[in-house]
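Here is what each chain is made of, one letter per residue.
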Amino acid sequence: MSLLHHAVGQDPFAELSRFRGEFYSCLTKRADALFELSDAVLCADGPVRSLVELSLVDEHRRGHGGLYDALAAGQVDVGRLRRALAAVSLPRAADGRLVLAADITCWLRPSAHTSPQRILCHTYGRGKDQHIPVPGWPYSVICALETGRSSWTAPLDALRLAPGDDAATVTAGQMRELVERLMAAGQWKDGDPDVLIVVDAGYDVPRLVVRPSPAASVGLTDPGHPSAQRDTTPPTRHVFSRPCRSRAAPRAAGPTRIRETAHTTLGARSPPSP
């Protein structure tokens, strides 16, 4: 819901109302139709299987012609929308730090033969170690996590990978820009705990260990990666975590010891137990 101006500062839903107003301002063409279409997606009963069904949702007050016109001719100021997402209240860990998780999610489009820039996406079949490549669109998604056993996350950015893109390069640049937006929005300032970035072992570990910004530390869910090395140098600000095999949030495994080689390749492994 959106509130009147005189009630925005008093109602518990004030922040949500302000974000909805900012989101509407990000719609630079066909704003009303796109705004109602977004509400219809959020309020529909169950998954959306066809666009025309969204025109029957109560929150969408226009006909199906207006829906298709909004998708064909509507425009969104993506940069402003990203800044608006970075400015909302975000979930944090128990110590108050921001924890950002990055992963690639594929939108499978096996039957969309005329859709551009599809990539063979690896999926897991029912059998053991069975990987099935299916054409689709891979998206690099970054979310803010909270402490505890919760399935709720705060999506902050999504970027589609084009054919030939390198996942590590795209994710590193995407994360760097996001952290800079969070800093500009006042979500992190000098003296705050480092932003912890969590990725899984499928990423190129040595290349992602390099901090994407002065405010961030990198966390990996596989400290036993083959590129890991032991060292006796003092611990750095990087924190690593083990694979998360349940729905619980990843737990940090404590500081690690990092060594930089002559080729600027960083390796890491959990420190030996005393």
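None of these values were measured; they are calculated from a predicted model. (Residues numbered from 1 in each chain as written. Predicted model: local features only at pLDDT ≥ 70, side-chain atom pairs only at ≥ 80, totals over all residues. Heavy atoms only, no water.)

A. Structural context of the overall build of the protein. What the protein contains, in helices and strands, is 7 helices and 12 strands. Counting only residues that meet the buried cut, the protein has 35% of its 274 residues in that class. Nonlocal contacts in the protein, meaning residues at least 24 apart in sequence, comprise 49% of its contacts between residues at least 6 apart. Of the accessible surface of the protein, which amounts to about 16500 Å², a share of 55% is contributed by carbon and sulfur atoms. (Helix = DSSP H or I, 4+ residues; strand = E, 2+ residues; numbered from the N terminus. Buried < 20%, exposed > 50% of the residue type's maximum accessible area, 1.4 Å probe, protein only. Contact = heavy atoms within 4.5 Å. Areas by Shrake-Rupley, 256 points an atom, 1.4 Å probe, with all protein chains shown as cover.)

B. Looking closely at helix 1 (residues 14-26). Between its first and last C-alpha atoms helix 1 spans 19 Å; for 13 residues at 1.5 Å apiece the expected length is 18 Å, and the two agree. All of the buried residues along helix 1 are Ala-14, Ser-17, Arg-20, Phe-23 and Cys-26. Buried positions along helix 1 lie against strand 1 (27-29), helix 2 (31-43), strand 2 (75-76) and helix 5 (78-87). (Expected span 1.5 Å × (residues − 1).)

C. Here's a closer look at the packing of helix 1 against helix 5. Orientation of helix 1 relative to helix 5, taken along the N-to-C sense of each, is 165°, at an axis distance of 9 Å. Of the possible angle classes, the one that applies to helix 1 and helix 5 is roughly antiparallel. In this structure, helix 1 crosses over helix 5, and the sense of that crossing is right-handed. Contacts between helix 1 and helix 5 pair Phe-19, Glu-22, Phe-23, Ser-25 and Cys-26 from the former with Arg-80, Leu-81, Ala-84 and Leu-85 from the latter. Taken together, the residues that form the contact of helix 1 with helix 5 break down as 6 nonpolar, 1 polar and 2 charged. (Axes fitted to C-alpha atoms, helices over the stretch in contact; angles between N-to-C directions. Parallel < 35°, antiparallel > 145°, perpendicular 65-115°, else oblique. Left-handed = near helix turned anticlockwise from the far one by under 90°. Nonpolar A, V, L, I, M, F, W, Y, C, P; charged D, E, K, R; others polar.)

D. Quick peek at the pattern of salt bridges. Summed over all chains, the structure comprises 10 salt bridges. For the salt bridge of Asp-192 with Lys-189, the shortest nitrogen-to-oxygen distance reads 3.8 Å. Asp-192 gets classed as partly exposed once you look at its relative accessible area, which sits at 25%. Taken together, the shared-partner salt bridges connect Asp-32, Glu-36, Arg-61 and Arg-62 into one network. (Salt bridge = Lys/Arg side-chain N within 4 Å of Asp/Glu carboxyl O.)

E. Representation of the packing of aromatic side chains. Scanning the model with the defined rule gives 3 aromatic pairs in all. Ring centres of Trp-107 and Trp-137 lie 5.3 Å apart, and the angle between their planes is 75°; on these two criteria the pair is classed as edge-to-face. Of this pair, Trp-107 sits in strand 3 (residues 99-108) while Trp-137 sits in strand 5 (residues 131-145); the two residues are 30 residues apart in sequence, bridging distant segments of the chain. Classification of Trp-137 by relative accessible area gives buried; the value is 9%. Here a set of aromatic residues connected by ring pairs shows up, and it is made of Phe-23, Tyr-24 and Phe-35. (Phe/Tyr/Trp six-rings, centres within 6.5 Å; stacked < 30°, edge-to-face > 60°.)

F. Geometry of a nonpolar patch on the surface. On the surface, Leu-51, Val-52, Tyr-68 and Leu-71 cluster together into a nonpolar patch covering about 340 Å² of accessible area. Among the elements of the structure, helix 3 (51-54) and helix 4 (64-73) are those that each provide at least two residues to the nonpolar patch. With respect to the helices and strands, Leu-71 occurs in helix 4. Classification of Leu-71 as partly exposed rests on a relative accessible area of 44%. (Patch = residues over 30% accessible without salt bridge, like charges linked within 9 Å, V, L, I, M, F, W, Y side chains within 5 Å.)

G. Fine view of the nonpolar core. In this structure, Leu-100, Met-175 and Leu-182 are the most contacted members of the largest nonpolar core, which totals 18 residues. Within the residue set of this core, elements represented by two or more residues are strand 3, strand 5, strand 6 (154-160), helix 6 (167-184) and strand 7 (195-199). In terms of residues, this core owes the most to one element, helix 6, which gives 4 residues. In this structure, Cys-26, Ala-33, Phe-35 and Ala-70 belong to the second largest nonpolar core, which totals 9 residues. (Core = buried A, V, L, I, M, F, W, Y, C linked by side-chain atoms within 4.5 Å.)

H. The confidence of the model for the protein, seen in detail. When pLDDT is averaged across the protein, the result is 75; 68% of the residues are at 70 or more. The low-confidence segment residues 222-274 (pLDDT under 50) makes 111 contacts with residues lying over four places distant or belonging to another chain. (pLDDT = per-residue confidence, 0-100.)

I. Just the packing of helix 1 against helix 2, in detail. Here helix 1 crosses helix 2 at 135°, and the two axes come no closer than 9 Å. The angle between helix 1 and helix 2 places the two elements in the oblique class. Pair helix 1 / helix 2 crosses with right-handed handedness. Judged by residue contacts, Arg-20, Phe-23 and Tyr-24 of helix 1 engage Ala-31, Asp-32, Phe-35, Ser-38 and Asp-39 from helix 2. By residue class, the composition of the contact of helix 1 with helix 2 is 4 nonpolar, 1 polar and 3 charged.

J. How the structure looks around unusual backbone geometry. Notably, Arg-30 is not glycine yet its phi reads approximately 55°, a positive angle. Looking at where Arg-30 falls in the secondary structure, it is placed in the loop between strand 1 and helix 2. Positioned with a positive phi, Gln-117 is a non-glycine residue whose angle comes to about 60°. Secondary-structure assignment places Gln-117 in the loop between strand 3 and strand 4 (119-124).

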